[in-house]
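Residue-level listing of the chains:
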Amino acid sequence: MNAMMVGPLPVGRLLCLTDGLLATLDTRSLTGVLAHEIGHARRGHPGLLMLLAVVVPLMLLSPLRLLDVEQVDVVVQAVVLLAVMLLLWFGVRTLARRFEHEADVSSVRALGAGPCSSALMTVSRLTGGPSRSVRGRLLSLHPDESARLLLMRRYEIEPKFRQEFDRRSHRLRAGIGAVLLVALG
């Protein structure tokens, strides 16, 4: 059971809902899922992830040509490459998890915390949730379900929490812009 927004550009995106999700959730919960996925699109998450996970690393490869990397021992090259790939994975994972929270917040803004929370609880109950195992916690691009539920509830009822969350989202976009400028430079 899953839903996803596919496509990094604002034109030609696809919203995919699995049959299991459609068969399991009631109309109210499905509305919460739709609001969450539309939140991804409105916040530009697919494009930002593609930019930071693919485009920026490719642009940062260009300066490596100036270094005499071929002279470095192959084992050292492999270790450095592995470290960079792990760093990239954990960066993308952290960013993707933040984007899941932002999409949850978009759903809360549109409908309140109830519909998306209901969908999340139902799917988690039926699937066992991806984040309960160590492997799931390490590999999943989604935050823990309990953290998501708490965040949606707090965003809905706590004005200070809402302001701080929105402020951090704004800072994140500024940081992404700075990373892009550095990569372009």
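What you see is a predicted model, and the numbers here were worked out from it, not measured in a lab. (Residues numbered from 1 in each chain as written. Predicted model: local features only at pLDDT ≥ 70, side-chain atom pairs only at ≥ 80, totals over all residues. Heavy atoms only, no water.)

Asker: With reference to specific residues and values, describe the packing of helix α4 (residues 74-111) against helix α5 (residues 113-127).
Answerer: Where α4 contacts α5, the axes come no closer than 7 Å and their chain directions differ by 135°. Considering their axes alone, α4 and α5 lie oblique with respect to each other. On α5, the residues touching D104, S107, V108 and L111 of α4 are A113, P115 and C116. Tallied by class, the residues present in the contact of α4 with α5 amount to five nonpolar, one polar and one charged. (Axes fitted to C-alpha atoms, helices over the stretch in contact; angles between N-to-C directions. Helix = DSSP H or I, 4+ residues; strand = E, 2+ residues; numbered from the N terminus. Parallel < 35°, antiparallel > 145°, perpendicular 65-115°, else oblique. Contact = heavy atoms within 4.5 Å. Nonpolar A, V, L, I, M, F, W, Y, C, P; charged D, E, K, R; others polar.)

Asker: Requested: an account of the packing of helix α2 (residues 27-43) against α5, with residues and values cited.
Answerer: Running from N to C, α2 and α5 cross one another at 100°; their axes reach a closest spacing of 7 Å. With respect to α5, the axis of α2 lies roughly perpendicular. Counting all contacts with α2, which are made through R28, S29, G32, V33 and H36, the residues of α5 involved are G114, P115, C116, S118 and A119. Residues belonging to the contact of α2 with α5 are distributed by class as follows: four nonpolar, five polar and one charged.

Asker: Explain the side chain of E102 to me, and be specific about the residues and the numbers.
Answerer: Position of E102 among the secondary structure elements: in helix α4. Side-chain polar atoms of E102 contact the side chain of H45, separated by 2.8 Å. Not counting chain neighbours up to four residues away, the residues in contact with E102 comprise R43, H45, F165, S169, L172 and R173. (Polar contact = N/O pair within 3.5 Å; in protein donor to acceptor, adjacent residues only side chain to side chain.)

Asker: Which residues make up the confidence of the model for the chain, and what values do they have?
Answerer: As a note on interpretation, predicted positions should not be read in detail where pLDDT is low. For the chain, per-residue confidence averages 89 on the pLDDT scale, and residues scoring 70 or more make up 97% of the total. Taken element by element, the predicted model of the chain shows its lowest mean pLDDT in helix α6 (residues 134-139) (72) and its highest in helix α7 (residues 145-157) (96). (pLDDT = per-residue confidence, 0-100.)

Asker: Account for helix α3 (residues 45-61), naming residues and giving values.
Answerer: Relative to the 24 Å expected for 17 residues at 1.5 Å per residue, α3 spans 24 Å between its end C-alpha atoms, a close match to the ideal helical length. The sharpest bend along α3 reaches about 35° and sits at L51. Regarding α3, the residues found buried are H45, P46, L48, L52 and V56. Against β1 (3-6), α2, α4 and α8 (159-184) lie the buried residues of α3. (Expected span 1.5 Å × (residues − 1). Bend = angle between axes of the 7 residues up to and from the residue. Buried < 20%, exposed > 50% of the residue type's maximum accessible area, 1.4 Å probe, protein only.)

Asker: I'd like a description of the layout of surface pockets, backed by residues and values.
Answerer: Computed from the structure, the largest pocket encloses a volume of approximately 890 Å³. What lines the largest pocket is a set of 33 residues, and nearest its centre among them are N2, A3, E37, E100 and H142. Looking at the lining of the largest pocket, the elements that each hand over two or more residues are β1, α2, α3, α4, α5 and α7. Of the residues contributing to the lining of the largest pocket, the split by class is 20 nonpolar, nine polar and four charged. As a volume, the second largest pocket reaches approximately 700 Å³. Around the second largest pocket sit 20 residues that line it, and P57, L61, L64, L81 and V84 are the ones nearest its centre. Elements with a contribution of two residues or more to the lining of the second largest pocket: α3, α4 and α8. In terms of residue class, the lining of the second largest pocket is made up of 18 nonpolar, two polar and no charged. (1 Å grid on protein atoms, 1.4 Å probe; cavity = no way out; pocket = protein on both sides within 12 Å on 5 of 7 lines; lining within 4 Å. Points joined across faces, edges and corners; volume = space filled by probe spheres on them.)

Asker: I'd love a proper account of the environment of E156, names of residues and values included.
Answerer: Its place among the elements puts E156 in helix α7. For E156, a relative accessible area of 30% gives the class partly exposed. Distance from E156 to G112, taken between C-alpha atoms, is 6.6 Å for residues 44 residues apart in sequence. Ignoring anything within four residues of it in the chain, the contact list for E156 reads V108, G112, A113 and R162. A distance of 2.6 Å separates a polar atom in the side chain of E156 from a polar atom in the side chain of R153.

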